[in-house]
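Residues per chain are reported as follows:
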Amino acid sequence: MEFDFTEDQRLLQETVREFLAGECPVEHVRSLWETETGRSPEFWAKLAEIGVPGLLVPEEHGGLGMDEIDFALVLVEVGRAALAEPVVPTAVVAAPLLRESAHLALAETWLPRIAAGEALVAVAQATSPLVADAHVADLLILRSGDALHAVPRDAARLTFQPSNDPSQKLFTVEFDPQEDRRIATGAAADRLEAAALDRGAFACAAQQIGVCEQLIEMSVDYTTQRKQFGVPIGSFQAVKHLVADLKVALEYARSHVERAAHSVARDTVTRSVDVSMAKVSAGEAALEAARISLQVHGALGYTWEQDLHVWMRRAWTLDLAWGSTAWHRERLAAALFEDALPAASFGFSPQAG
Amino acid sequence: MDFHFTPEEQAFREEIRAFLDAHLPDPVPEDDPGFLREWNRKLREKRWVGFSWPREWGGGGGDLIRQFILKEEMAARRAPALGLDFMGLTWVGPAIIAHGTDAQKAEHLEKILDDEEHWCTGYSEPDVGSDLAALQCRAVLEGDEYVINGQKIWTTSAHVASHIFLLVRTDPTVAKWKGITCLLVPMDSPGIEVRPIENLSGKASFNQVFFNDVRTPVGNRLGAEGEGWRVVMGALANERSGISESTEMQRHLDDIRELARRASRNGRPALEDDGVRRRLSDMEIRIEAMRLTGLRHLTDQLRGKPSGSETAINKLQRGILEFEMSELELELLGSAAQHQGLLQRQTLAWHGTVIGGGSPNIQRNIIAERILGMPRK
Amino acid sequence: MNFGFTEEQDFLRESVRKLVEERCPMPEVRRLMTTPDAYSPELWSEMAALGWLGLLVPEEHGGAGLGWVDLVVLLEETGRGLLPSPLLSNALATTALLRAGSRDQRRRWLPGLADGSTIGTLALLEAEDVQGPSGIGLEASVEGEDHLLSGSKHFVADVGCADLFVVAYREPSGREPSGREPSGRGAEERPGETLRLALVPADRAGVCVERIPSLDETKRTGTLRLEGVRIAPEERLEAMPAADSIELLQDCGSIAVTAEALGAAEGALALTVQYAKDRVQFGSPIGRFQGVKHRLSDMWVDTESIKSLLYYGAWSIEGSPEELPRYASLAKAYIADAFTRIGVDCVQLHGAVGYTIEYDIQLYLKRSKWVRPLFGDADHHRDRLATRRGL
């Protein structure tokens, strides 16, 4: 039994962290808000050089052939950097979906391009009518009736939907379903969609850990420096207790997210329950961090120039993506009270069939 | 990352389950000293009492993983605690193993395991609670004896103890935590008086202990003079995943869910009530998080990382969860919450547990200052 | 509109507080806790003589002819000292007579309720523990003009010392409901059955009481068992439809309990503030630590906030009856949660001594647990508020 990451996994995390510190400082995030698409192909290309887009793509297609456990810490760094590129739909959701589908031709066409950083994919979420990053996607994976379709962007009609987060680009999408674009139907489509949801939710939860860490760090730094009545405000018990409660929420969410990574990667029987627990606790931790860091930063937090709200908005956006907290809580309750699924099974994780 | 156990570890788990199937009645008898004695005799045969202690001193020599497994399996079946003398097994024995002379080890360790010695710990004083280093109970060396004067309070089980693990001040001239010494004192020493303190459930488990010119040989000092703080704060060989606590809480939550199944709320079955479902799910999430976080701590321990203040995290959450769970229970009882039944009285008992572990605000201070590095006052 | 208290009410508050402090300080409270019925007959007579028991009773029947705002002041102060007495039960039984009793019934029973010779209490709840008219399942059989009751009423406050029970039950089909229109206040009539409210003296044949030990020993509760108890027509309270009077008693009960609980919460807070000033740790009174200070001020904010709801609700009983249900629910919901938190927080702020029986703060913790389900807990009232708003 070992509930921790390997040295290699930590090394990958370090690599990504350094990369993002250099290539995606908060100024970069802000500058993208002003551009038309809000996305940077140049950046994506550099991201591909360190292998992130193809992390879950098999080696024979040019990817790293890793799993979601390997991705977990990378996603924490993505969250810490408030990176808004379509890492989740393309790298976390679409790549394994294509890999797991029975549609070999589609997989062989798109997986290498994803790994090489040459293609972006957007995926419709079962929990929302809005598709993120549809405007920069080369391929859109959409549902129609009982089938999943792979639709090139020029075959889809996009309508932009404004959102509170300038990093987030949401669209309603219409298309004419064609038989030759079907990836899967019926039970197979449901399975792929369920896995997509669990991967998407897990990935957002993992990012929330990074967002929460960043907000706590900013709050601790700020309260250590800012003085009032001659002492740093961080020495006041009230402030300390607020931040301590946040730290507990963070560590608990982290435990759930790390376990969910394992459940998704090993496709355990408890996968959906574990993912929902992770999404709920990480979402709440990040939202609470957003609220509290605003509070301890005082009036300063409200101004546009303050970087704080970059992460606050990420917290809100990630909370709503791939099933809100409320949605996941309900899924969890249904599993706990109706199916009586064991969320905690002692000592061993049962493997899925 | 791997949640599997090795075949040997799995076999140990099976061994424990077989033992429980054979020897633990269902339901587990409560308040039955005869049963407990017999139960512990059988555990002792397996060397599961003092499982983490070295085999040369009668313990089981169990490694961290197997300690974890033993605790988890026992808690899952609501078995009584491993061993009758909680203080002796948890605090005193390990401290003697780490700091004691061979004579002290020979004198006390097996007797603790066999429940022939019963220990209480003398730490808090009336003016000294959270600020333990400020303790005042005085011990003066006279020849080859210490002469002790002062008082202790909140001493659990002092009224039935044979020995007290006593923190005294031997040097009032140095920094407060430096002048503290640890003494192992028999409770039948002349000059010791015990007065029980009744708690709000009507039971007396806490006591006041008065020391009036109590003499004890130098040989009863544990560790060097002035080292008492280190002796008490020193690392225990025990695994620190908190698995017993989180498993107990999981069992408690299962009971509450059962209660919700039987109770009604606003005219509907309580388990169909949105508010109840939400609260139960929230608690499930947090108890599971406690368990997982404990597993992370265990992994750290297995890898030899020194334990820091991380246990404050689970301790803080436990206090909050105990409160929420007891409140939900009382609500589900409806008007019957007014009565004096077992369940109702248990909802008072958690106050004692939480205080014993250090109040939530103390835990928050530890987390903020020692883990996050925020400025102290 | 005047939203303050009158001079008389301030005087009443002062004199009640003083009397409670002098005649029933904590050692006396603890002594009364060990008695079978948790009250002092001597003190009860004194309270009667001072006019407290007859506060609501018209002067013609030996009372003071005052209103619910005055009663709330009285209950706050008795709550503050955790005064063990059937005062609250008696006030509600009195209300039943005042509102639903005929002139003859009022003339017969009110003087005794006012002078302390008759202790009254409500017996509404049954084993299913459902509040209000829909919780009434006890069915009478009819013998000529009389009703016969066999069954039980649960969670009856002061069941052991009560002389008079106000019992709700259903009269079976075959009878026309009384001539009045069922009101819009949630009539909960079942087809062919009529809700009834009646007086049952404790010494009536077939009446038996069972005391049940309570966690809060300053209060008493238990079960009322009825075996073929006869109720004559003149014992039925029919000045308003029973469904309406039950609802009214629920709401008045919520207001009364909130008042007593608010006083107790303030008493707990006062005790804790004093402790925080006296207890020194790390070289400083613990009240100087922000963690302690902030919790104390949060609790104070809670007690102050609830006052407006409570006083308005009390006033509405006579002054604006259509608003009563809403304010009764707002007040009870608020105090149930707030006093629960305050009870726990105050014990915790006392550290280890909070857990001992010797210190008084645990008595307030236990009172908070007593209060919470009475006339509906917070969840019940929030649900009720939502339903009223058509959610």
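Values in this document were obtained by computation on a predicted structure and should not be read as measured data. Along each chain, the written sequence defines residue order, and numbers are assigned to residues from 1. All chains are assigned letters beginning with A, and all ligands numbers beginning with 1, in the order in which they are written. Since the coordinates come from a predicted model, pLDDT governs what is reported: local features require at least 70, and pairs of side-chain atoms require 80 or more to be given and counted, while whole-chain, interface and lining totals use all residues. As a convention, hydrogens and water are excluded, and side-chain values are obtained from all of the structure's heavy atoms.

Enquirer: I would appreciate a short explanation of the overall build of chain C in the present structure.
Expert: Secondary structure summary: chain C contains 11 helices and 9 strands in total. Along the longest, intermediate and shortest principal axes, the C-alpha atoms of chain C span 80 × 50 × 40 Å. When the 391 residues of chain C are sorted by exposure, 61% land in the buried category. A contact between two residues is defined here by any heavy atoms of the two lying within 4.5 Å. Sequence-distant contacts in chain C: of pairs separated by 6 or more residues, those separated by 24 or more amount to 77%. Of the roughly 15,400 Å² of accessible surface on chain C, 51% is carried by carbon and sulfur atoms. The way it works is that DSSP assigns letters per residue, a run of H or I at least four long becomes a helix, a run of E at least two long becomes a strand, and they are numbered from the N terminus. Note on classification: 1.4 Å probe, protein chains only; a residue is buried when its accessible area is under 20% of the maximum for its type, exposed when over 50%, partly exposed between these limits. The Shrake-Rupley method, run with a 1.4 Å probe sphere, supplies the accessible areas, and residue values consider only the shown protein chains as cover.

Enquirer: Looking at this model, I keep getting lost on the overall build of chain B. Mind explaining?
Expert: Per the secondary structure count, chain B includes 11 helices and 10 strands. It is over C-alpha atoms that the radius of gyration is taken, and the globule rule equals 2.2 Å times the number of residues to the power 0.38. What you see for chain B is a C-alpha radius of gyration of 22 Å, in line with the 21 Å of a compact globule of 377 residues. Expressed along its principal axes, the backbone C-alpha trace of chain B runs to roughly 75 × 50 × 45 Å. By the burial criterion, 54% of the 377 residues in chain B qualify as buried. Averaging the coordinates of the 47 positive side-chain charges in chain B and doing the same for the 57 negative ones gives two points 4 Å apart. Only four residue types enter the tally: Lys and Arg on the positive side, Asp and Glu on the negative side; His and the chain ends are excluded. Taken as the charge centre is NZ of Lys, CZ of Arg, CG of Asp or CD of Glu, depending on the residue.

Enquirer: In this structure, what is going on with the interface of chain B and chain A? I would like to understand it.
Expert: By convention, interface size is frequently given as the accessible area that disappears when the constituent parts associate. Of the residues lining the interface, 53 residues belong to chain B; the matching set on chain A comes to 51 residues. Roughly 4,900 Å² is buried in total at the junction of chain B and chain A, and carbon and sulfur atoms are behind 62% of that figure. Between Lys or Arg on one side and Asp or Glu on the other, a salt bridge is scored when a side-chain nitrogen of the former is within 4 Å of a carboxyl oxygen of the latter. The partner of Glu330(A) in a salt bridge is Arg277(B), and the shortest N-O contact between them spans 3.8 Å. In the analysis that follows, any N or O atom pair within 3.5 Å is treated as a polar contact, provided that within protein one partner can donate a hydrogen and the other can accept it, and provided that, for residues neighboring in sequence, both atoms belong to side chains. Across the contact surface, chain B and chain A share 16 residue pairs in polar contact (both at pLDDT 80 or more). Here the side of chain B that touches chain A gets 20 residues from one element, more than from any other, and that element is helix H8 (residues 274-302) of chain B. In terms of residue class, the side of chain B that touches chain A is built from 22 nonpolar, 10 polar and 21 charged. A quick way to say it: buried area is the sum, across both parts, of accessible area lost when two parts are put together, with a 1.4 Å probe. Under the scheme applied, nonpolar residues are Ala, Val, Leu, Ile, Met, Phe, Trp, Tyr, Cys and Pro; charged residues are Asp, Glu, Lys and Arg; polar residues are all the others, including Gly.

Enquirer: Explanation requested: the interface of chain B and chain C in the structure shown.
Expert: In this assembly, 40 residues from chain B lie in contact with 40 residues from chain C. Taking both partners together, chain B and chain C bury about 3,500 Å²; carbon and sulfur atoms supply 57% of that area. Counting every contact that joins chain B to chain C gives 5 salt bridges. We note a salt bridge from Asp377(C) to Arg265(B), for which the minimum N-O separation is 3.5 Å. For the pair chain B and chain C, the number of links is 12 residue pairs in polar contact (both at pLDDT 80 or more). Counting residues per element, the ones that place at least two in the side of chain B that touches chain C are helix H9 (311-333), helix H10 (342-357) and helix H11 (360-371) of chain B. For the side of chain B that touches chain C, the residue count by class is 17 nonpolar, 15 polar and 8 charged.

Enquirer: Where do I start with the packing of aromatic side chains in this structure?
Expert: Stacked, tilted and edge-to-face pairs are distinguished by plane angle, under 30 degrees for stacked and over 60 for edge-to-face with tilted covering the rest, among Phe, Tyr and Trp rings (Trp via its six-membered ring) whose centres lie within 6.5 Å. With the rule as written, the count across this model stands at 18 aromatic pairs over all chains. Look at Phe12(B) and Trp48(B): their rings are 6.1 Å apart centre to centre, the planes differ by 90°, and that puts the pair in the edge-to-face class. Here Phe12(B) is found in helix H1 (residues 7-23), whereas its partner Trp48(B) is found in the loop between helix H2 (33-45) and helix H3 (64-76), with 36 residues between them in sequence. Residue classification places Trp48(B) among the buried residues on the basis of a relative accessible area of 2%. When the ring of Phe5(C) is compared with that of Tyr311(C), the centres are 4.7 Å apart and the planes differ by 80°; the resulting orientation is edge-to-face. With a gap of 306 residues between them, Phe5(C) in the segment before helix H1 (7-23) and Tyr311(C) in helix H8 (residues 290-319) connect regions that are remote in the sequence.

Enquirer: Is there a simple way to think about the pattern of salt bridges in this case?
Expert: Opposite charge on two side chains makes pairing possible when the charged atoms of those side chains draw close. One pass over the full model with this rule turns up 99 salt bridges over all chains. In this structure, Asp254(B) engages Arg257(B) in a salt bridge whose closest nitrogen and oxygen atoms are separated by 2.9 Å. On the criterion of helical spacing, the pair formed by Asp254(B) and Arg257(B) is a turn pair, its members being 3 residues apart in helix H7 (residues 243-262). The class for Arg257(B) is buried, based on a relative accessible area of 13%. One salt bridge in this structure joins Asp216(C) and Arg367(C), with 2.9 Å as the shortest N-O distance. In this pair, Asp216(C) sits in the loop between strand S6 (207-212) and strand S7 (221-231) while Arg367(C) sits in helix H10 (residues 361-371), placing the two residues 151 residues apart along the sequence. Residue Arg367(C) is classed as buried on the basis of its relative accessible area of 1%. If you follow the salt bridges from partner to partner, you end up with Arg265(B), Arg279(B), Glu327(B), Glu331(B), Asp337(C), Lys369(C), Arg372(C), Asp377(C), Asp379(C) and Arg382(C) in one network.

Enquirer: What's the story with the sheet that holds strand S6 (residues 170-175) of chain A in this structure? I'm lost.
Expert: The pairing of strands in a sheet comes from backbone hydrogen bonds and takes either a parallel or an antiparallel form. Residues and elements named next belong to chain A. The strand order across the open sheet built from 3 strands is S2-S6-S5, with neighbouring strands paired in antiparallel fashion. On the outer flanks of this sheet lie strand S2 (131-132) and strand S5 (156-161), each paired with one strand and no other. Across 6 bridges, the pairing between S5 and S6 is antiparallel. Bridge pairing in S6 links Gln161 to Leu170. The pairing criterion for strands is at least two bridges between them, as found by DSSP.

Enquirer: Hey, could you run me through the pairing of strand S5 (residues 180-186) of chain B in this one?
Expert: The side chains of a regular strand alternate, first on one face of the sheet and then on the other. Residues and elements named next belong to chain B. Counting buried residues in S5 gives 6 out of 7 residues, a clear majority hidden from the surface. In the sheet, strand S4 (residues 163-169) pairs with S5 via 7 bridges, with the strands oriented antiparallel. Bridge pairing links Leu167 to Cys182 in S5. Direction of pairing for S5 relative to strand S8 (residues 221-222): antiparallel, over a ladder of 2 bridges. When the sheet's bridge partners are listed, Cys182 is paired in S8 with Leu222.

Enquirer: How should I be thinking about the sheet that holds strand S3 (residues 139-144) of chain A in this particular structure?
Expert: All names here are of chain A. Ordered in space as S1-S3-S4-S7, the 4 strands form an open sheet in which the pairing is mixed. On the outer flanks of this sheet lie strand S1 (121-123) and strand S7 (182-185), each paired with one strand and no other. On average, adjacent strands in this sheet sit at an angle of 20° to one another, irrespective of strand direction. Bridging between S3 and strand S4 (residues 147-152) involves 6 bridges; their strand directions are antiparallel. Residue pairing in the sheet places Ile141 in a bridge with Ala150 of S4. With axes taken as lines fitted to C-alpha atoms, and helix axes fitted only over the stretch in contact, angles between N-to-C directions fall between 0 and 180 degrees. Sheet strands touched by helix H7 (residues 186-225): S3, S4 and S7. Its angle to S7, the strand with the most contacts, is close to 105°.

Enquirer: Please clarify how helix H7 (residues 242-278) of chain C should be interpreted in this entry.
Expert: Here H7(C) is 37 residues long and its end C-alpha atoms lie 53 Å apart, about the 54 Å a rise of 1.5 Å per residue gives. A large share of H7(C) lies buried, amounting to 31 of its 37 residues. By this rule, a helix spans an expected 1.5 Å times one less than how many residues it contains.

Enquirer: What exactly am I supposed to notice about helix H3 (residues 41-49) of chain A here?
Expert: Residues spaced three or four apart along an α-helix face the same direction, because each turn holds 3.6 residues. Residue and element names in this part refer to chain A. Of all the residues in H3, the buried ones are Phe43, Trp44, Leu47 and Ala48. Here the buried residues of H3 occupy an arc of 145° about the axis, which is enough to place them on one side. Those residues of H3 that are exposed and aimed more than 90 degrees away from the buried face are Glu42 and Glu49. Structurally, H3 contributes buried residues whose contacts are with helix H1 (7-23), helix H2 (26-34), helix H5 (87-100) and helix H6 (104-115). At the C-terminal side of H3, Gly51 shows a positive phi close to 90°. Arc definition: it is the arc formed by the directions from the helix axis to the C-beta atoms.

Enquirer: How should the packing of helix H8 (residues 237-265) of chain A against H8(B) be read in this particular structure?
Expert: Two measures define how a pair of helices packs: the angle their axes make with one another and the distance between the axes. It is the contact of H8(A) with H8(B), at a shortest axis distance of 8 Å, that shows an interaxial angle of 80°. It follows from the interaxial angle that H8(A) and H8(B) lie roughly perpendicular. Where H8(A) abuts H8(B), its residues Glu251(A), Tyr252(A), Arg254(A), Ser255(A), His256(A), Glu258(A) and Arg259(A) lie against Ile285(B), Arg286(B), Glu288(B), Ala289(B), Met290(B), Arg291(B), Leu292(B), Thr293(B) and Arg296(B). Here the residues of the contact of H8(A) with H8(B) sort into 5 nonpolar, 3 polar and 8 charged. Any angle that falls under 35 degrees is termed roughly parallel, while one over 145 is termed roughly antiparallel, one within 65 to 115 roughly perpendicular, and all others oblique.

Enquirer: Just checking my understanding: could you explain the pairing of S7(C) for this structure?
Expert: All names here are of chain C. Two strands pair when backbone bridges link them, and strand S3 (residues 146-153) and S7 are joined in this way by 6 bridges, in the antiparallel orientation. Within S7, the residue paired with Leu148 across the bridge is Arg230. Direction of pairing for S6 relative to S7: antiparallel, over a ladder of 6 bridges. Bridging across to S7, Arg211 finds its partner in Gly222.

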